[in-house]
Amino acid sequence: MFSASLYRERRTKLGALMSKGIILLPGNIESSMSYAANHYPFRQDSTFLYYFGLKRPGLVGLIDLDQGTELLFGDDIDIEDLVWTGPVASLATEAFEVGVSHVRRLRDLKGYLDTARSTGTPIYFLPPYRPEHTLQLHEWLEIPIKEIPASVSVLLIKAIVSMRSIKGEEEVAEIIKGVNITNTMQLAALKYSREGMTEAQMGGKLQGLAIAGGGNLAFPTIFTVNGQILHNHYGDNKLTKGRLVICDCGAAAPSDYSGDLTRTFPVDKTFTPLQKEVYQIVLQAQETAAAALKPGILYKDIHLLACAELVKGLQGLGLMRGDINESVAEGAHTLFFQCGLGHMLGLDTHDMENLGEPYVGYTDTLIKSTQFGLKFLRLARTLETGFVVTVEPGLYFIPELMDEWRAAKKLEQFINYDKLDAFRNFGGIRIEEDFLVTSTGRKLLGDPLPKTVNEIENLRLCP
Ligand SMILES: [Mn+2]
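Residues numbered from 1 in each chain as written. Predicted model: local features only at pLDDT ≥ 70, side-chain atom pairs only at ≥ 80, totals over all residues. Heavy atoms only, no water.

A.B. asks: What am I meant to see in the overall build of the protein chain here?
C.D. replies: A tally of helices and strands in the protein chain yields 16 helices and 15 strands. Compactness check: the protein chain gives a C-alpha radius of gyration of 24 Å against a globular reference of 23 Å for 463 residues, within 12% of the reference. Once the C-alpha set of the protein chain is aligned to its principal axes, its extents read approximately 70 × 50 × 40 Å. With 463 residues in all, the protein chain has 54% of them scored as buried. Relative to all contacts within the protein chain whose residues are 6 or more apart in sequence, the contacts with residues 24 or more apart total 73%. Where the 46 positive side-chain charges of the protein chain centre and where its 56 negative ones centre are 3 Å apart. (Helix = DSSP H or I, 4+ residues; strand = E, 2+ residues; numbered from the N terminus. Rg over C-alpha atoms; globule rule 2.2 N^0.38 Å. Buried < 20%, exposed > 50% of the residue type's maximum accessible area, 1.4 Å probe, protein only. Contact = heavy atoms within 4.5 Å. Lys, Arg positive; Asp, Glu negative; His and termini not counted. Charge placed at Lys NZ, Arg CZ, Asp CG, Glu CD.)

Encoded structure:
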């Protein structure tokens, strides 16, 4: 948790951006796994955390701009709860720590909102992403469930995105903690993954390291010998000779700020010559893209720069041909790089994705493309000092996609289809790092982690 004055400053700034009405920011409640009392690990809503800092379930933050008050609605525990939970600080005590002096019982929220509605006070809220959010809004504001998506406040979304996009020093310090815990996970995967293990055996160890870091996984780990499948979570596949492993994982620090890193390495101690060649292409694209990060540049242009580097490399490999810029413009590279280059990173791994990509990654005038490939680009807009972003190009050889394109002779002026057979069982390669955009360029977040072929092989060769 940060200082009370920081949370107060953030709320004041948000209030100034909205100017009037009521800003309603519900925190999360417990979410059940298989019966009511069996909960998933509690995760507070990120926007609530940003403005109110408290991790306790069942709180609602309210900023009343017309009355000039900030309130927290929630309940203290009683003696029967205490039997199960042990003593819990009073809500008033916790609220004081985040600079809020008005605390009310949760059952008083509806009346407060009723009074506001009866006088025509606008009540602003964000898009719900859990079913219970929708039900709460329906109950508190008497909006029909079907009308809730259209009733969210775009003004509030834009105000919050404008604030959360620019990370403060204290936030960057927390992201670095998340990245460094993620580094320990990556190093363990690089050092201790062995032929014959299952993906889950290593995936479980990585989760253990995330929890030992004081937080938890920021998202389900992708640890797979089938890296060509973009979001393939660990399972019972065995690590077998000749395969590559993609490890894409992230730890959330105790503050919930997270890291998000990817390394690709051979099950064997060394890469095969072909694996090494493809790895160098991805590495070249990753480093070129990272070096181009700076304020004032469209992230979309950095994405396209990475795509051009990939095409250049694939031409060297004999898989592609023709004009590089034309290949990228036509989307020929998406046979091998189907997704976007990266995303914002912060309290959420895909930071603020719940607020809507059109506002977080795009603008009113920069609209998302519908072209295959570009339509998966989460972030396109102009970078600003203080943004934290990932850079994660890859090459993914998906047999089903290669077969479909080949049968349709799709963009055959750019692709040497007869050379693809050697890659049917190649898998995929992705390399990902996290960067702060600074006034002069960029800064890699966290301690450097082995990334070159030599650095990775040196770790694989450890006894
Ligand atoms: Mn990522």
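A.B. asks: Would you mind showing me how to read unusual backbone geometry here?
C.D. replies: Keep in mind that most residues, glycine aside, have a negative phi and that most peptide bonds are trans. Residue Glu142 is not a glycine yet carries a positive backbone phi of 55°. Mapping Glu142 onto the fold places it in the loop between helix H6 (131-141) and helix H7 (148-151). A positive phi angle, close to 80°, is found at Asp256, a residue other than glycine. Looking at the secondary structure, you find Asp256 in the loop between strand S9 (251-252) and strand S10 (261-266). Classification of Asp256 as buried rests on a relative accessible area of 11%.

A.B. asks: Could you clarify how one ought to interpret the sheet that holds strand S7 (residues 222-224) in this entry?
C.D. replies: Strand pairs in the sheet, formed through backbone hydrogen bonds, run parallel or antiparallel to each other. Sheet architecture is open: three strands sit in the order S7-S8-S10, paired in antiparallel fashion. Each edge of the open sheet carries a strand with a single partner, namely S7 and S10. Across this sheet, the average inter-strand angle for adjacent strands is 10°, counted without regard to direction. Both strand S8 (residues 244-249) and S10 contribute to a ladder of six bridges, which runs antiparallel. Bridging across to S10, Ile246 finds its partner in Thr264. (Pairing = 2+ DSSP bridges. Axes fitted to C-alpha atoms, helices over the stretch in contact; angles between N-to-C directions.)

A.B. asks: Quick question: what am I supposed to make of the environment of His350 here?
C.D. replies: By secondary structure assignment, the location of His350 is in the loop between helix H13 (324-330) and helix H14 (357-360). On the basis of relative accessible area, His350 is assigned to the partly exposed category, the value being 21%. Distance from His350 to Asp45, taken between C-alpha atoms, is 14 Å for residues 305 residues apart in sequence. Discounting residues that sit within four places of it in the chain, His350 has contacts with His343, Met344 and Arg378.

A.B. asks: Mind showing me how you'd approach the coordination of the manganese ion here?
C.D. replies: Around a metal, the perfect tetrahedron of four donors has angles of 109.5 degrees, and the perfect octahedron of six donors has angles of 90 or 180 degrees. Of the protein atoms, only Asp260 (OD), His343 (NE2), Glu392 (OE) and Glu432 (OE) coordinate the manganese ion, at distances of 2.1 to 2.3 Å. As a motif over one chain, the donors of the manganese ion read D-x82-H-x48-E-x39-E. Of this pair, Asp260 sits in the loop between S9 and S10 while Glu432 sits in the loop between strand S13 (428-430) and strand S14 (433-438), placing them 172 residues apart in sequence. (Donors = N, O, S within 2.8 Å, 3.2 Å for Na, K, Ca; no water.)

A.B. asks: Even after reading the chapter, I still don't get the side chain of Ser165, so can you show me in this structure?
C.D. replies: Looking at the element boundaries, Ser165 is found in the loop between helix H8 (154-164) and helix H9 (169-192). For Ser165, a relative accessible area of 2% translates into the label buried. Polar contacts involving the side chain of Ser165 include one to the side chain of Arg381, which spans 2.8 Å. (Polar contact = N/O pair within 3.5 Å; in protein donor to acceptor, adjacent residues only side chain to side chain.)

A.B. asks: Which parts of the structure should I look at to understand the domain arrangement of the protein chain?
C.D. replies: Size of an interface: often given as the accessible area lost when the parts come together. What the domain assignment lists for the protein chain is domain 1 (4-164) and domain 2 (169-460). Put simply, the middle of domain 1 and the middle of domain 2, counted by C-alpha atoms, are 35 Å apart. The partner domain 2 presents 17 residues to the 19 residues of domain 1 that form the contact. Taking both partners together, domain 1 and domain 2 bury about 1500 Å²; carbon and sulfur atoms supply 54% of that area. It is Arg43, Val161 and Arg164 in domain 1 that bury the most area against domain 2; as a group they hold 34% of the surface buried on that side. Taken together, the connections running from domain 1 to domain 2 amount to seven salt bridges. Residue Arg164 pairs with Asp348 through a salt bridge whose shortest N-O separation is 3.1 Å. For the interface between domain 1 and domain 2, the tally reads eight residue pairs in polar contact (both at pLDDT 80 or more). Among the elements of the structure, helix H1 (4-18), helix H2 (46-52) and H8 are those that each provide at least two residues to the side of domain 1 that touches domain 2. (Domains from an automatic or database assignment. Buried area = accessible area lost by both parts, 1.4 Å probe. Salt bridge = Lys/Arg side-chain N within 4 Å of Asp/Glu carboxyl O.)

A.B. asks: Please clarify how the nonpolar core should be interpreted in this entry.
C.D. replies: Note on soluble globular proteins: their nonpolar side chains tend to be buried together. Counting residues in hydrophobic clusters, the biggest one holds 82 residues, and the most contacted among them are Leu14, Leu24, Leu62, Leu72, Leu141, Tyr299 and Leu383. Each of domain 1 (4-164) and domain 2 (169-460) contributes no fewer than three residues to this core. If near-sequence neighbours (up to four positions away) are discounted, Leu62 is found in contact with Ile22, Ile23, Leu24, Phe52, Thr69, Glu70, Leu71, Phe73, Leu109, Tyr112 and Leu113. Counting 62 residues, the second largest nonpolar core, distinct from the first, contains Ala188, Ala308, Val311 and Ile398. (Core = buried A, V, L, I, M, F, W, Y, C linked by side-chain atoms within 4.5 Å.)

A.B. asks: Would you mind going over H8 with me for this structure?
C.D. replies: An α-helical segment advances 3.6 residues per turn. Residues three or four places apart therefore align on the same side. Of the residues making up H8, those classed as buried are Leu156, Ile157, Ala159, Ile160, Val161, Met163 and Arg164. Packing partners of the buried residues in H8 comprise H1, strand S1 (22-26), H2, strand S5 (123-124) and H14.

A.B. asks: So what exactly am I meant to see when it comes to the packing of aromatic side chains here?
C.D. replies: Aromatic rings considered in pairs are described by the distance between their centres and by the relative angle of their planes. Counted according to the given criterion, the structure contains 12 aromatic pairs. Between Phe73 and Tyr112, the aromatic rings sit 5.8 Å apart at their centres with planes inclined by 75°, giving edge-to-face as the arrangement. Here the residue Phe73 occupies a position in strand S3 (residues 69-73), and Tyr112 occupies one in helix H5 (residues 109-118), the gap between them amounting to 39 residues. Ring centres of Phe336 and Phe397 lie 5.6 Å apart, and the angle between their planes is 55°; this geometry places the pair in the tilted category. One end of the pair, Phe336, is in the loop between H13 and H14; the other, Phe397, is in the loop between strand S12 (394-396) and helix H15 (399-407), and 61 residues separate them in sequence. Judged by relative accessible area, Phe336 falls into the buried class, the value being 0%. (Phe/Tyr/Trp six-rings, centres within 6.5 Å; stacked < 30°, edge-to-face > 60°.)

A.B. asks: Explain the pairing of S10 here, please?
C.D. replies: Two faces, one strand: in a regular strand the side chains alternate between the faces of the sheet. Across the six residues that make up S10, a large majority, six, are buried. Of the two faces of S10, both are covered, the one formed by Leu261, Arg263 and Phe265 as well as the one formed by Thr262, Thr264 and Pro266.

A.B. asks: How should helix H16 (residues 453-460) be read in this particular structure?
C.D. replies: Of the positions making up H16, those classed as buried are Val453, Ile456, Glu457, Leu459 and Arg460. Relative to the axis of H16, the buried residues are bounded by an arc of 160° and lie together on one face. Looking at H16, the residues exposed on the side facing more than 90 degrees away from the buried face are Asn454 and Asn458. Where H16 is buried, its residues meet H9, S10 and helix H11 (273-292). (Arc of directions from axis to C-beta.)

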